[in-house]
Amino acid sequence: MLEQLIAGFGAALTVPNLVAICAGIAVGIVIGALPGLGSVTAIAVLIPITYYMSPLSAIAFLVGVNKGGTSGGAIPAILLNTPGTPEAAATALDGYPLAQRGQAMRAMKFALYSSVSGDTISDIVLILLAAPFAAIALQFGPLEFSAVLLFSFALLSGLSGDSPLKGLIAIFAGVFVGTVGLDPIDSSPRMTFDLVNLYDGLPIGALAIGALALASVVEQIADSWHAHRRDGRPAGRVRQRLDHSRLGLREFAGHWRTILRGAFIGSGVGMLPGLGVTLAAFLSYGAARRAARDPQSFGNGNPDGIVATEAANSAVVGANLIPTIALGIPGNIAAALLIGAFMIHGIVPGPFMLTMHGELVYALFASMLMANALHLLIGSIGIRLWAQVARVPVSLILPLVLVLCIVGVYLPGQSLFDVGVMLAFAGVGLLMRRTGFSIVCLVIGFLLGGMFESSLRQAMLMYKTDAGAILESPIAIAFLVLTALVLARAVLRR
């Protein structure tokens, strides 16, 4: 493993790759600092740009966007008490009170340093566990893969919102939409309506950008318009005075227990499909508060609250690639979009990825470790700049993002059909937001639908629809029992 990682550093230490990593981190921090957007929107919009990059530079760029976007959400949370991303809501609990006391720069340094620390620990966990997970996954057959995917669907639906039924409906709606195109077994057309554009199925990029990014932008524009009509003027923003206080290495290292706890909580959450970054942030915050000698200080500017949150949510970024690389199952929506990027570049995530694309995978691992050092450098230099970006009115940003969505979908194939698909799923995404259905479940169901259909049909052909074959597979039994337990727990909690 060490020799492969060293070789990976040799492949990753190129000027184009370093430029891609730096650009991804910078763009991710800027977009993460804009309230309401976040790294998922950034990845969805920027995937088309990677068509013109090498596979390594493309994935390293998107991973950099994810890393930067996850930590960038802390900037408006600290300065404006307006989290740039959902997971940064826990950062605002102590970051904003600290800024109110004139220590905004110190709070942002705590957020940056703990984010990089948690991210680095999770990347090491990824490097150590990806190969063993892939080796175990090689023992899986179609029946076992079907059971694992069912467990992932149940886990995601049970944690996606208040209603597990709505989560399951959204997932299997995504699976159904994923069946559009040619049948993977006999190549017969399904729901193509004699449109050649549908023979290869619905485009991943157009669907993801429409349902995730464009729907969010349209909703925010509509909400801003209604608020402007109701109040007669746009809401103002309180400018925060930035201080020049230093944060020494010794002082930061004094929080090492909180950093390690948060990093391992985030890594554990990231390895389980569907749990998400926000859960990791609040679990870590709660654990830090319970372990503190003065829990009443949390919510009043305790640096441990910032450290715990940022170490955990950044640790998810590396750990969620473990099921992505080993099993081809995304840990969260950002990993689901990365699977789409992998497939665009001819790389199929799963247990054979380390065997068929081992050099690329270890070069990616090396790029992720390099990205952490670059993240620290760029974040430290740009703290003041990011603070100014956070004050840009959203009314100026949203129209630009709207244009980028349209241009980003049109340019790769120069197809107005793809733009139409994006607009259609923007409407679907907006409707789902208003009715409480999970868009994340829809997109993950669409991405995993082909794999689930293929494995299920292969299992049915192998065992001739004999349900008793399940009893011959302990792995399948274990995952089916876990599926039933997850669904039962979700229903009981409901």
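Residues numbered from 1 in each chain as written. Predicted model: local features only at pLDDT ≥ 70, side-chain atom pairs only at ≥ 80, totals over all residues. Heavy atoms only, no water.

Glancing now at the overall build of the protein. Each helix and strand in the protein was counted, giving 22 helices and two strands. With 494 residues in all, the protein has 56% of them scored as buried. Pairs at least 24 residues apart make up 78% of the contacts formed inside the protein by residues separated by at least 6 positions. Just so you have it, the protein exposes about 21,200 Å², and 67% of that area is on carbon and sulfur atoms. (Helix = DSSP H or I, 4+ residues; strand = E, 2+ residues; numbered from the N terminus. Buried < 20%, exposed > 50% of the residue type's maximum accessible area, 1.4 Å probe, protein only. Contact = heavy atoms within 4.5 Å. Areas by Shrake-Rupley, 256 points an atom, 1.4 Å probe, with all protein chains shown as cover.)

Moving on, we get to helix α16 (residues 333-344). A rise of 1.5 Å per residue sets the reference length of α16, with its 12 residues, at 16 Å; its end C-alpha atoms lie 17 Å apart and thus fit the reference within 8%. Counting buried residues along α16, 10 of its 12 residues qualify, which places the element largely inside the surrounding structure. Directly after α16, the chain includes glycine 346, whose backbone phi takes a positive value near 80°. (Expected span 1.5 Å × (residues − 1).)

Our next topic: the packing of helix α2 (residues 15-32) against helix α4 (residues 55-72). Between α2 and α4, whose axes approach to 6 Å, the crossing angle comes to 30°. In terms of axis orientation, α2 runs roughly parallel to α4. Relative to α4, the crossing made by α2 is right-handed. Together, Pro16, Asn17, Ala20, Ile21, Ala23, Gly24, Ile25, Gly28, Ile29 and Gly32 of α2 and Leu56, Ser57, Ala60, Phe61, Gly64, Val65, Gly68, Gly69, Ser71 and Gly72 of α4 make up the contact between the two elements. Of the residues belonging to the contact of α2 with α4, the class tally is 10 nonpolar, 10 polar and no charged. (Axes fitted to C-alpha atoms, helices over the stretch in contact; angles between N-to-C directions. Parallel < 35°, antiparallel > 145°, perpendicular 65-115°, else oblique. Left-handed = near helix turned anticlockwise from the far one by under 90°. Nonpolar A, V, L, I, M, F, W, Y, C, P; charged D, E, K, R; others polar.)

Before going further, it helps to spend a moment on the environment of alanine 173. For alanine 173, the location among the structural elements is in helix α9 (residues 164-177). Between the C-alpha atoms of alanine 173 and glycine 449, which are 276 residues apart in sequence, the distance is 9.5 Å.

In this section: the environment of isoleucine 31. Inspection of the secondary structure assignment puts isoleucine 31 in helix α2. Spatially, the C-alpha atom of isoleucine 31 lies 8.5 Å from that of threonine 41, the residues being 10 residues apart in sequence.

This paragraph deals with the pattern of salt bridges. Evaluation of the coordinates by the stated rule reveals nine salt bridges. A salt bridge links arginine 457 to glutamate 453, with the shortest nitrogen-to-oxygen separation between them at 3.0 Å. Of this pair, arginine 457 and glutamate 453 are both found in helix α21 (residues 439-463), four residues apart, which corresponds to roughly one turn of the helix. Judged by its relative accessible area of 25%, arginine 457 is partly exposed. (Salt bridge = Lys/Arg side-chain N within 4 Å of Asp/Glu carboxyl O.)

Moving on: the packing of helix α12 (residues 256-271) against helix α14 (residues 303-319). One can describe the packing of α12 onto α14 by two numbers: an axis separation of 7 Å at closest approach and a directional angle of 35°. Relative to α14, the crossing made by α12 is right-handed. Of the residues in α14, those in contact with Thr258, Ile259, Gly262, Ala263, Gly266, Ser267, Gly270 and Met271 of α12 are Asp304, Val307, Ala308, Ala311, Ala312, Ala315, Val316 and Ala319. Here the contact of α12 with α14 is composed, by residue class, of 10 nonpolar, five polar and one charged.

Another point: the nonpolar core. Counting residues in each nonpolar core, the largest one holds 84 residues, and the members touching the most others are Phe365, Cys405, Met422 and Val443. Ignoring sequence-local partners within four residues, the contact set of methionine 422 consists of Ala206, Ile209, Gly210, Leu214, Cys405, Ile406 and Val409. Listed in part, the 33 residues of the second largest apolar core include Met105, Val116, Phe252 and Ala366. (Core = buried A, V, L, I, M, F, W, Y, C linked by side-chain atoms within 4.5 Å.)

Below, the discussion takes up unusual backbone geometry. Although it is not a glycine, phenylalanine 193 adopts a positive phi angle of roughly 55°. By the element assignment, phenylalanine 193 lies in the loop between β2 (189-190) and α10 (204-231). Of note in this structure, aspartate 194 is not a glycine but carries a positive phi near 60°. Relative to the elements of secondary structure, aspartate 194 occurs in the loop between β2 and α10.

The next subject is the side chain of threonine 309. Of note, threonine 309 is situated in helix α14. At a separation of 2.9 Å, a polar atom in the side chain of threonine 309 contacts the main-chain carbonyl oxygen of glycine 305. (Polar contact = N/O pair within 3.5 Å; in protein donor to acceptor, adjacent residues only side chain to side chain.)

Turning our attention to a nonpolar patch on the surface. A cluster of nonpolar residues, Leu471, Ile477, Val481, Leu482 and Leu485, forms a patch on the protein surface that exposes about 450 Å² of accessible area. Position of leucine 482 relative to the elements: it lies in helix α22 (residues 474-493). Look at leucine 482 and you get partly exposed, because its relative accessible area is 36%. (Patch = residues over 30% accessible without salt bridge, like charges linked within 9 Å, V, L, I, M, F, W, Y side chains within 5 Å.)

Another point: helix α1 (residues 2-12). Residues of α1 that are buried include every one of Leu5, Gly8 and Ala12, and no others. Buried positions in α1, seen along its axis, are confined to an arc of 50° and lie on one side of it. Projecting away from the buried face of α1 at angles above 90 degrees are the exposed residues Glu3, Ile6, Ala7 and Gly10. (Arc of directions from axis to C-beta.)

This next bit is on the packing of aromatic side chains. All told, the structure shown has seven aromatic pairs when counted by the stated rule. With centroids separated by 5.5 Å and ring planes inclined at 70°, the aromatic side chains of phenylalanine 153 and phenylalanine 452 adopt a geometry described as edge-to-face. Of the two residues, phenylalanine 153 is situated in helix α8 (residues 142-159) and phenylalanine 452 in helix α21; the sequence distance between them amounts to 299 residues. Here phenylalanine 153 and phenylalanine 452 have matching classes, each one buried. Aromatic rings pair up to connect Phe110, Tyr113 and Phe252 into one cluster. Sitting over the face of the ring of phenylalanine 437, lysine 166 holds its NZ or CZ atom 5.3 Å from the ring centroid. (Phe/Tyr/Trp six-rings, centres within 6.5 Å; stacked < 30°, edge-to-face > 60°. Lys NZ or Arg CZ within 6 Å of the ring centre and 35° of its normal.)

A few words now on the side chain of serine 473. With respect to the element layout, serine 473 can be found in the loop between α21 and α22. In this structure the side chain of serine 473 is engaged in a polar contact, spanning 3.2 Å, whose partner is the backbone nitrogen of alanine 476. With sequence-adjacent residues up to four places away left out, serine 473 is seen in contact with Leu143 and Glu144.

Moving on, we get to the environment of alanine 131. Looking at where alanine 131 falls in the secondary structure, it is placed in helix α7 (residues 104-137). For alanine 131, a relative accessible area of 26% corresponds to the partly exposed category. Separated by 194 residues in the primary sequence, alanine 131 and isoleucine 325 place their C-alpha atoms 9.0 Å from one another. The residues contacting alanine 131, other than those within four sequence positions of it, are Leu354 and Tyr362.

Here the focus is the confidence of the model for the protein. Low-pLDDT portions of the prediction should not be read for the details of their coordinates. Considering every residue of the protein, the mean pLDDT works out to 80; 87% of them sit at 70 or more. Taken element by element, the protein is modelled with least confidence in helix α19 (residues 394-413), mean pLDDT 74, and with most confidence in α2, mean pLDDT 89. (pLDDT = per-residue confidence, 0-100.)

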